[in-house]
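So you can see what is in the structure, the chains are spelled out below.
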Amino acid sequence: LDFSPDGERVLCSAHDASVKICNAETGQEVCTLTEHQGLVCAVAISPDGKLIVTGLLDKGVKIWDATTGAQMQPVTGHLSDVWCVAFSADAKRVVSGSREGTVKIWDVATGAE
């Protein structure tokens, strides 16, 4: 669950393995991110509001374009469920933490750890 930096959108994970992007004032769904293989445990939007990152029950981390909803960069490397995700202040890196107790930092452009 996260607000966009401008407060106009709300992101929330749903029970159908998707992420809903909704208008914060009306609650109306604006976009849905559906290309997840498992349930979404964590979601965050970048400080500039341009990117979204999701952490998954299937050990994955995905990066999305917040405007189009297009998947940009999947990253792999965790051995267990990804429970938390966040962007760096400049939105060039993503940090993710998983149930096995690891924290990984990823390059947004390349997906490299």
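Only a predicted model underlies this, so the values are computations on that prediction, with no experimental measurement involved. One numbering rule holds for all chains: residues counted from 1, following each sequence as written. The predicted nature of this model means local features are confined to residues of pLDDT at least 70 and side-chain atom pairs, given and counted, to a pLDDT of 80 or more, with totals for whole chains, interfaces and linings taken over all residues. Hydrogens and waters are ignored; side-chain quantities use all the structure's heavy atoms.

1. Describing the sheet that holds strand β7 (residues 61–65)
Note on pairing: two strands pair once DSSP finds at least 2 bridges between them. Every helix listed is a DSSP run of H or I at least four residues long, and every strand listed is a run of E at least two residues long, numbered separately from the N terminus. Taken together, four strands build an open sheet; the order of strands is β5-β6-β7-β8 and the sheet is antiparallel. The open sheet has two free edges, formed respectively by β5 (40–45) and β8 (71–75), since each of these has just one partner strand. Each neighbouring strand pair of the sheet contributes to a mean axis angle of 20 degrees, computed without reference to strand direction. As judged from the five bridges shared by strand β6 (residues 51–56) and β7, these two strands associate in the antiparallel manner. Only C-alpha atoms enter the line fits that serve as axes; for helices the fit covers just the stretch in contact. Angles between N-to-C directions range over 0 to 180 degrees.

2. Re the environment of Glu29
Turning to its location among the elements, Glu29 is positioned in strand β4 (residues 29–33). Separated by ten residues in sequence, Glu29 and Val19 have C-alpha atoms that sit 10 Å apart. Among all residues touching Glu29, those that are not within four sequence positions of it are Lys20, Ile21 and Cys22. Between two residues, a contact is recorded if the distance between any of their heavy atoms is within 4.5 Å.

3. Looking at the pattern of salt bridges
Whenever a carboxyl oxygen of Asp or Glu lies within 4 Å of a side-chain nitrogen of Lys or Arg, that contact is scored as a salt bridge. Here the structure, examined in full by the defined rule, presents three salt bridges. Between Lys104 and Glu113 there is a salt bridge, with its nearest N and O atoms 3.3 Å apart.

4. Notes on the side chain of Ser88
Tracing the sequence through the fold places Ser88 in the loop between β9 (82–87) and β10 (93–98). Only protein chains enter the accessibility calculation, which uses a 1.4 Å probe; a residue is then buried when its area is under 20% of its type maximum, exposed when over 50%, and partly exposed in between. Residue classification places Ser88 among the buried positions, given a relative accessible area of 15%. Those residues in contact with Ser88 that sit more than four places away from it in its chain are Pro47 and Arg93.

5. Let's talk about unusual backbone geometry
Notably, Ala17 is not glycine yet its phi reads approximately 65 degrees, a positive angle. Position of Ala17 relative to the elements: it lies in the loop between β2 (9–13) and β3 (19–23). Overall, the relative accessible area of 13% leaves Ala17 in the buried class. The phi angle at Ala91 is positive, at roughly 65 degrees, despite the residue not being glycine. Checked against the element boundaries, Ala91 lands in the loop between β9 and β10. The class for Ala91 is buried, based on a relative accessible area of 9%.

6. Details of the nonpolar core
In this text, buried Ala, Val, Leu, Ile, Met, Phe, Trp, Tyr and Cys residues form a nonpolar core when linked through side-chain atoms within 4.5 Å. Formed by 14 residues in total, the largest nonpolar core has its most connected members in Val53, Val61, Val85, Phe87, Val94 and Val108. Taken together, the elements giving at least two residues each to this core come down to β5, β6, β7 and β9. Ranked by residues supplied to this core, first place goes to β9 with three residues. Excluding its chain neighbours within four sequence positions, the residues that come into contact with Val108 are Leu51, Ile63, Gln73, Phe87, Ala91, Lys92, Arg93 and Val94. Counting residues in hydrophobic clusters, the runner-up holds twelve residues, among them Ile21, Cys31, Val40 and Ala66.

7. What to know about the state of the cysteines
In this description, a disulfide is simply a cysteine sulfur pair whose atoms lie within 2.5 Å. One pass over the structure, following the stated rule, counts zero disulfides. For Cys22, which is in no disulfide, the shortest distance to another cysteine sulfur is to Cys12 and amounts to 5.1 Å. When its relative accessible area of 14% is taken as the criterion, Cys22 is described as buried. A disulfide-free cysteine, Cys31 has its sulfur positioned 10.0 Å from the sulfur of Cys22, the nearest such atom. Note on Cys31: relative accessible area 18%, which makes it buried.

These values are about where atoms sit, not about what they do.
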